[in-house]
Amino acid sequence: MLKKDIAKMIDHTLLKPAKESQITALCDEAKSYGFASVCVNPCHVKLASKCLDGSSVKVCTVIGFPLGENTTATKVFETKNAIKNGATEIDMVINQSWAKSNAWKKVEKEVALVKKACGEVLLKVILETCNLTDKQIREACKACVSAGAQFVKTSTGFGKGGATVEAVSLMADMVHPAGLKVKASGGVHNYDEAVAMVKNGADRIGASCGVEICKE
């Protein structure tokens, strides 16, 4: 797989505390390498949007991060506020307590409400697969399909584990037939790992080391 093809699939990510200069540098790198998006915390969306104005790079932000245990009303407000500030992609975390309790109707309803708040803006739903059984991953995927999301995503990068080829393959089997896509995020450190994720069904790669991946 060509380096430029991988680059187009990368969400260039910085979700740790960051200075404005680091966000600006992140955006400059994304433009230089042709990444799909930058993924930043909500407080940096306005700056990223300004830096990327006129480019093809999207502005992605996270909602309910990292546990997904905000109230639904808070997630809906966060989503609307982020879009108002310039976000063009939303990565929301499902409520981890509901997922571990197999409360899938609650999960589906919340994702649907966030999707409604997104309007035409792309919604990716973070499952945090390291906390779920294979059966729960399947059920989470079903809920996201029913709720109208466009992507399911493996991980926040702040859990006990990140993306695995097994989880990505399982998610792809569940959602690709329904027209949804898969984002592998967390623990993708190099080119070989990124290619392995793509070969197992990933359509996007979330990584904080996108530049290093493309330089290999």
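Structure first, text after, so check above.
Residues numbered from 1 in each chain as written. Predicted model: local features only at pLDDT ≥ 70, side-chain atom pairs only at ≥ 80, totals over all residues. Heavy atoms only, no water.

Go over the pairing of strand 5 (residues 122-126) with me, naming the residues and quoting the values.
With five of its five residues buried, strand 5 lies for the most part within the structure. Taking every second residue as pointing to the same face, both faces of strand 5 are buried, with Leu122, Lys124 and Ile126 on one and Leu123 and Val125 on the other. Where strand 4 (residues 89-93) meets strand 5, five bridges bridge the pair, whose relative direction is parallel. Along strand 5, the bridge assignment pairs methionine 92 with valine 125. Note that strand 5 and strand 6 (residues 151-153) share three bridges and pair parallel. In the strand pairing of strand 6, lysine 124 is matched with phenylalanine 151. A crossover connection joins strand 5 to the parallel strand 6 through helix 7 (residues 134-147); in handedness this β-α-β unit is right-handed. (Buried < 20%, exposed > 50% of the residue type's maximum accessible area, 1.4 Å probe, protein only. Helix = DSSP H or I, 4+ residues; strand = E, 2+ residues; numbered from the N terminus. Pairing = 2+ DSSP bridges. Right-handed = clockwise from strand over helix to strand, strands pointing away.)

Account for the nonpolar core, with residues named and values stated.
Counting 68 residues, the largest nonpolar core has Val38, Val111, Leu123, Val125, Leu127, Ile205 and Ile213 as the members making the most contacts within it. Not counting the four nearest positions on each side in its chain, valine 38 is found in contact with His12, Leu26, Cys27, Ala30, Ala48, Leu52, Val57, Lys58, Val59 and Cys60. (Core = buried A, V, L, I, M, F, W, Y, C linked by side-chain atoms within 4.5 Å. Contact = heavy atoms within 4.5 Å.)

Report on the packing of aromatic side chains, specifying residues and quantitative values.
This structure, assessed with the given rule, holds two aromatic pairs. Arranged with centres 5.6 Å apart and planes meeting at 10°, the rings of tyrosine 33 and phenylalanine 35 form a pair that is stacked. Given a relative accessible area of 2%, phenylalanine 35 falls into the buried group. Taken together, a centroid distance of 5.3 Å and an interplanar angle of 85° make the contact between phenylalanine 65 and phenylalanine 158 edge-to-face. Remark: phenylalanine 158 occurs in the loop between strand 6 and helix 8 (165-175) and phenylalanine 65 occurs in the loop between strand 3 (58-63) and helix 4 (72-84); sequence separation between them is 93 residues. (Phe/Tyr/Trp six-rings, centres within 6.5 Å; stacked < 30°, edge-to-face > 60°.)

If you had to explain helix 8 to someone new, which residues and values would you point to?
The periodicity of an α-helix, 3.6 residues per turn, causes residues three or four places apart in sequence to face the same way. Buried within helix 8 are the following residues: Ala167, Val168, Leu170, Met171, Ala172 and Val175. Where helix 8 is buried, its residues touch helix 7, strand 6, strand 7 (181-185) and helix 9 (191-199).

Hey, could you go over the pairing of strand 1 (residues 10-14) for me, with residue numbers and the actual values?
Burial within strand 1 is extensive, with five of its five residues counted as buried. Along strand 1, one buried face is formed by Ile10, His12 and Leu14 and the opposite face, lined by Asp11 and Thr13, is buried too. Pairing geometry for strand 1 and strand 8 (residues 204-207), over three bridges, is parallel. From the neighbouring strand, aspartate 11 faces strand 8, where its bridge partner is glycine 206. Bridging between strand 1 and strand 2 (residues 37-40) involves four bridges; their strand directions are parallel.

Quick one: what's the story with the state of the cysteines, residue by residue and with numbers?
Applying the stated criterion across every chain yields a total of zero disulfides. For the unlinked cysteine cysteine 43, the closest cysteine sulfur is that of cysteine 39, found at 12 Å. Looking at cysteine 43, the relative accessible area reads 64%, which means it is exposed. Counting only cysteine sulfurs, cysteine 141 is the nearest neighbor of cysteine 130, a cysteine outside any disulfide, at a range of 15 Å. (Disulfide = S-S within 2.5 Å.)

I'd like a rundown of the sheet that holds strand 4, residues and numbers included.
As summarised here, the arrangement of the eight strands in space is 1-2-3-4-5-6-7-8, forming a closed barrel in which the pairing is parallel. Along the sheet, successive strands turn relative to each other by an average axial angle of 25°, direction set aside. Taken strand by strand, helix 2 (residues 20-33) contacts strand 1 and strand 2, and its axis lies near 170° from that of strand 1. (Axes fitted to C-alpha atoms, helices over the stretch in contact; angles between N-to-C directions.)

Can you lay out the side chain of glutamine 96 for me, pointing to particular residues and giving the numbers?
Among the secondary structure elements, glutamine 96 is positioned in helix 5 (residues 96-100). In this structure glutamine 96 comes out as buried when scored by relative accessible area, which is 6%. Beyond its immediate chain neighbours, meaning those up to four positions away, glutamine 96 contacts Leu67, Glu69, Leu127, Glu128 and Asn131.

I'd like a description of helix 9, backed by residues and values.
Listed in full, the buried residues belonging to helix 9 are Tyr191, Ala194, Val195, Met197 and Val198. Here the buried residues of helix 9 occupy an arc of 155° about the axis, which is enough to place them on one side. Opposite the buried face of helix 9, by more than 90 degrees, sit the exposed residues Asp192 and Lys199. Put simply, asparagine 190 is the residue that caps the front of helix 9, since its side-chain oxygen is 3.2 Å from the backbone nitrogen of aspartate 192. Phi for glycine 201, located one or two positions after helix 9, is positive at around 120°. (Arc of directions from axis to C-beta. Polar contact = N/O pair within 3.5 Å; in protein donor to acceptor, adjacent residues only side chain to side chain.)

Honestly, it's all geometry; don't read function into it.
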